[in-house]
Amino acid sequence: MIVTSSDVKFVVDTDRCCGCKVCVRRCIEDVWHWDPEKNCAVPKYPDECVLCYQCEMDCKNNCIEVIPQVVIKSDPLLNKPQYE
Amino acid sequence: MANLKDLGKVYTSDILIIGGGIAGLCTAIKAKETNPALDVLVVDKGSIGYAGQSGKAGNGITGRLPHQNPQAMADYLVVNGGDYMNDQEFLLDYVSTNQESLEFLDHCGVKLSKNEDGSIRVFPMPNDLWGCAGIELGSCFSLRDYALKVGVRLLDRVQLFELLTDKAGAVIGAIGFDCDKMKCQIFKAKAVAVATDGCYFKKVGGMFCGYGNGIASAYRVGALMRNAEFSCSVELVHKANNEAVYGGFNLVHNKDGVNVSQVYAPNAEETTPDLHIGLWKEVQEGRGPLYCDLRVLDDMSAHIGGMGHVNDGRMMADKLRWIGIEMAKAAQTGIQLGQTPEVTSRMYIQGEFLRADREFKTNVEGLWAPGKISYQGSAYWGWVRGDGLGNGAQCGMRAGASMAKFATEKAAVEPDYEQVKALKDKIYAPLNRPTTRKPKEVFDAMEQVVFHLDNVIVKSEKSIQAILDMIEELKKVIPELTAEDAHTLAKCHDAADSLLCLEIVFRAAQMRKETRGCVYRHIRTDYPERDNKNWLKWINVKQGENGSMELFTEDIPMWRYPVRPEGYEIPEGHAEEYYV
């Protein structure tokens, strides 16, 4: 399963998900939810991801790959002054 | 007769702690150990153990070595941390118990750096005024297990948005919903703590998960905010992953190989806005990209980064594993890493201004504020590396003991049905609106604020007013936000509460007409000097009688404090009290 948002791409090997739900508990931004129909964890709210990679770090079966798409949306040092 | 149970599931405890991070768990454990007969309940929107900031920290925790003097540390922090905005009596009291908080964590089973004899190993910081011990990334797993062992009750995946009050205005509970089935959850308690983290305005590049729910709910029941104008700062980060280059602030070079750290903020002991204003100038004038030369570590990068202590127990295995994954991901971006990584500035606003006293009690009866939520508001405040985690333990020890005493002596009060019903209707309102606006609209607009140095770091009446105007426009969006499930319903309230916190920050910044501060520096281009004559004052913010925001100043009682700015004169009506 591949789930993408503007900032991040999740690649989830659903066949290997053991159902431990550690990713659901680990994510403090509520990205991961258990999908009873697919019988695996899914990144239901990918927009909320803050790129901590701890879901991938804790996944017992290495099912999760989090691929950053945009790390810095706008570099403050490159932005011009707004108020002259 | 109407019954609360008709509105939702009702929980009763002596003490309710909202937020199960390090501060909430330490508060709960201390309260339970102070009086084991008390029923102590901790509620978190996530999963306790994983929840809170501590799982994203772990570079160290403040401590004290036997030869280090708390008064010397406090005196240093007044000048170099708070720039005289501290409550100096609280500060001295606080730093005097640094080591006790480490011992408390050790007692609770948290893994800390140890000497061969089993005592906690504390490493001196470069200025040798305080120390730093190693701590596991998973400190909250250990605290969770210990909390259960001593009989604390834990409840996961419930988010609370409003506090319940009695007729006199004392806090007697809270209300929200469970994060999966969206069922209303009502909590009754004699004493309540909001240990919910501060407000981090989502998507600003940080990993902390507070959206200001605790601050906003406390504000709505009359709690005071303090030092909100000192909420903005900046971090040196890897351009490849937006993560901090801990301690690298003396080693930034421009494309010509010039060490620009030494140009703008030589031999600094902390990263400061002044350095980043200089970095901005370098890039704007065409001397970027910038890189951090880590081939030879200086004292600050060795200590603060922790990499000078990898082999002697300060940096724990779980933290190093996480750093390894983060850096592997950063390498995928193709942006230079290695020992000379490309760097930039990450500006941030962190709302941690709920006012609390030495026991981390707010001005509202029955309400405590342990943890980062009151980091600035408590005004012992400043900035000390490692004090994020240290603060969690310190607050817990103080708030837990105070709450236990209060709850032991107080009789329970039944919440008013009509108040609970009105709050429930307010919380669920976004489900029933004929509109289609989403909270992302509000978050995206707020996010734009932090991408500009002249919004966050260098302020003027013009820039502040522009942001306040934007906030006024966004406030019109809040009543039109809609939700379709528990997650999006929570986000509607997160957006509203974050916006309130942003307004508090910029209203206070507008009021303070001077430049002051260190790491959390308040810089006004239209008032570029520190003004000790008129601004040795705290700005307090509260909700007024008619619901509008009220700001008022309060003289800092410098006449009682040992560290005073040069030329300070005791105002009429006061005598020098400190040395009496």
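1. Quick notes on the packing of aromatic side chains
All names here are of chain B.
Argument step 1. For the structure on display, the rule yields 14 aromatic pairs over all chains.
Argument step 2. Between Phe177 and Tyr428, the ring centres sit 6.0 Å apart and the planes meet at 50°, which makes this aromatic pair tilted. Placement of the pair is Phe177 in strand β9 (residues 171-178) and Tyr428 in helix α12 (residues 417-428), with a sequence separation of 251 residues.
Argument step 3. Under the relative-accessibility criterion, Phe177 is labelled buried at 0%.
Argument step 4. Relative to Tyr520, the ring of Tyr348 has its centre 6.4 Å away and its plane inclined at 80°; by these criteria the two rings are edge-to-face. In this pair, Tyr348 is assigned in strand β16 (residues 342-349) and Tyr520 in the loop between α16 (486-511) and β19 (523-524), connecting sequence segments 172 residues apart. The pair formed by Tyr348 and Tyr520 is uniform in burial state, with each residue classed as buried.
Argument step 5. One aromatic cluster is present, formed by Phe90, Tyr94, Phe360, Tyr375 and Tyr380 through successive ring pairs.

2. Section: the pairing of β16(B)
Residues and elements named next belong to chain B.
Argument step 1. The element β16 is extensively covered by neighbouring structure, given that 7 of its 8 residues are classed as buried.
Argument step 2. In this sheet, β16 lies alongside strand β13 (residues 232-238) in antiparallel orientation, the contact comprising 7 bridges. Bridging across to β16, Ser233 finds its partner in Tyr348.
Argument step 3. Where strand β15 (residues 290-292) and β16 come together, 2 bridges link them in antiparallel fashion. The partner of Tyr291 across the bridge, within β16, is Glu342.

3. Observations regarding the sheet that holds strand β6 (residues 131-133) of chain B
Residue and element names in this part refer to chain B.
Argument step 1. Pairing in this open sheet of 3 strands is antiparallel, and the strands run β4-β6-β5 from one edge to the other. Two strands close off the open sheet at either side, each with one partner strand: β4 (61-63) and β5 (122-124). The sheet shows a mean angle of 45° between the axes of neighbouring strands, taken without regard to direction.
Argument step 2. Each of β4, β5 and β6 touches helix α4 (residues 98-107); the most contacted strand, β4, lies at about 125° to it.

4. Quick word on the domain arrangement of chain B
All names here are of chain B.
Argument step 1. Examined at the domain level, chain B breaks down into domain 1 (4-57 + 136-229 + 349-416), domain 2 (232-347) and domain 3 (419-536).
Argument step 2. Centre-to-centre separation of domain 1 and domain 3, based on C-alpha positions: 22 Å.
Argument step 3. The interface is formed by 41 residues belonging to domain 1 together with 36 residues belonging to domain 3.
Argument step 4. A combined buried area of about 3,500 Å² lies between domain 1 and domain 3, and 69% of that area is made up of carbon and sulfur atoms.
Argument step 5. Between Arg512 and Glu229 there is a salt bridge, with the nearest N and O atoms lying 2.6 Å from each other.
Argument step 6. On the surface where domain 1 and domain 3 come into contact, there are 14 residue pairs in polar contact (both at pLDDT 80 or more).
Argument step 7. Looking at the side of domain 1 that touches domain 3, the elements with two or more residues in it are β8 (158-165), β9, β10 (184-188) and α6 (213-220).

5. Some words on unusual backbone geometry
Residues and elements named next belong to chain B.
Argument step 1. Residue Pro289 is bonded to the preceding Gly288 through a cis peptide linkage, with omega at 0°.
Argument step 2. Following the sequence through the fold, Pro289 ends up in the loop between α8 (273-284) and β15.
Argument step 3. The phi dihedral of Ala379 falls on the positive side, at around 70°, and the residue is not glycine.

6. Some words on the environment of B:Val263
Argument step 1. Tracing the sequence through the fold places B:Val263 in helix α7 (residues 261-264).
Argument step 2. In this structure the C-alpha to C-alpha distance between B:Val263 and B:Gly58, which are 205 residues apart in sequence, comes to 31 Å.

7. Here's the deal with the packing of helix α1 (residues 22-34) of chain B against α4(B)
All names here are of chain B.
Argument step 1. Direction vectors running N to C along α1 and α4 enclose 80°, while the axes themselves pass 12 Å from each other. By the angle between their axes, α1 is roughly perpendicular relative to α4. From α1, Ile22, Cys26, Ile29, Lys30 and Glu33 reach across to α4, where they touch Phe104, Leu105 and His107.

8. Things to note about the pattern of salt bridges
Argument step 1. For the coordinates displayed, the defined rule picks out 49 salt bridges over all chains.
Argument step 2. Residue A:Asp35 is joined to A:Lys38 by a salt bridge in which the shortest nitrogen-to-oxygen separation is 3.4 Å.
Argument step 3. By relative accessible area, A:Lys38 is classed as exposed at 52%.
Argument step 4. Between B:Glu514 and B:Arg512 there is a salt bridge whose closest N-O contact spans 2.7 Å.
Argument step 5. For B:Glu514, a relative accessible area of 0% corresponds to the buried category.
Argument step 6. A single network of salt bridges, built from pairs that share partners, joins B:Glu162, B:Arg220, B:Lys426 and B:Asp497.

9. Examining the interface of chain B and chain A
Argument step 1. The partner chain A presents 39 residues to the 50 residues of chain B that form the contact.
Argument step 2. Both faces combined, the contact of chain B with chain A buries some 4,100 Å², and carbon together with sulfur accounts for 53% of it.
Argument step 3. Of all residues in chain B, B:Tyr50, B:Lys329 and B:His487 bury the most surface against chain A, accounting for 18% of the area lost on that side.
Argument step 4. Where chain B touches chain A, the interface holds 5 salt bridges.
Argument step 5. For the salt bridge of B:Lys329 with A:Glu56, the shortest nitrogen-to-oxygen distance reads 2.8 Å.
Argument step 6. Counting across the chain B and chain A interface gives 23 residue pairs in polar contact (both at pLDDT 80 or more).
Argument step 7. Within the residue set of the side of chain B that touches chain A, elements represented by two or more residues are α8, α10 (317-331), β16, α13 (439-449), α14 (453-456), α15 (461-477) and α16 of chain B.
Argument step 8. For the side of chain B that touches chain A, the per-class residue count stands at 18 nonpolar, 17 polar and 15 charged.

How each quantity is defined
Residues numbered from 1 in each chain as written. Chains lettered and ligands numbered in written order. Predicted model: local features only at pLDDT ≥ 70, side-chain atom pairs only at ≥ 80, totals over all residues. Heavy atoms only, no water. Phe/Tyr/Trp six-rings, centres within 6.5 Å; stacked < 30°, edge-to-face > 60°. Helix = DSSP H or I, 4+ residues; strand = E, 2+ residues; numbered from the N terminus. Buried < 20%, exposed > 50% of the residue type's maximum accessible area, 1.4 Å probe, protein only. Pairing = 2+ DSSP bridges. Axes fitted to C-alpha atoms, helices over the stretch in contact; angles between N-to-C directions. Contact = heavy atoms within 4.5 Å. Domains from an automatic or database assignment. Buried area = accessible area lost by both parts, 1.4 Å probe. Salt bridge = Lys/Arg side-chain N within 4 Å of Asp/Glu carboxyl O. Polar contact = N/O pair within 3.5 Å; in protein donor to acceptor, adjacent residues only side chain to side chain. Parallel < 35°, antiparallel > 145°, perpendicular 65-115°, else oblique. Nonpolar A, V, L, I, M, F, W, Y, C, P; charged D, E, K, R; others polar.

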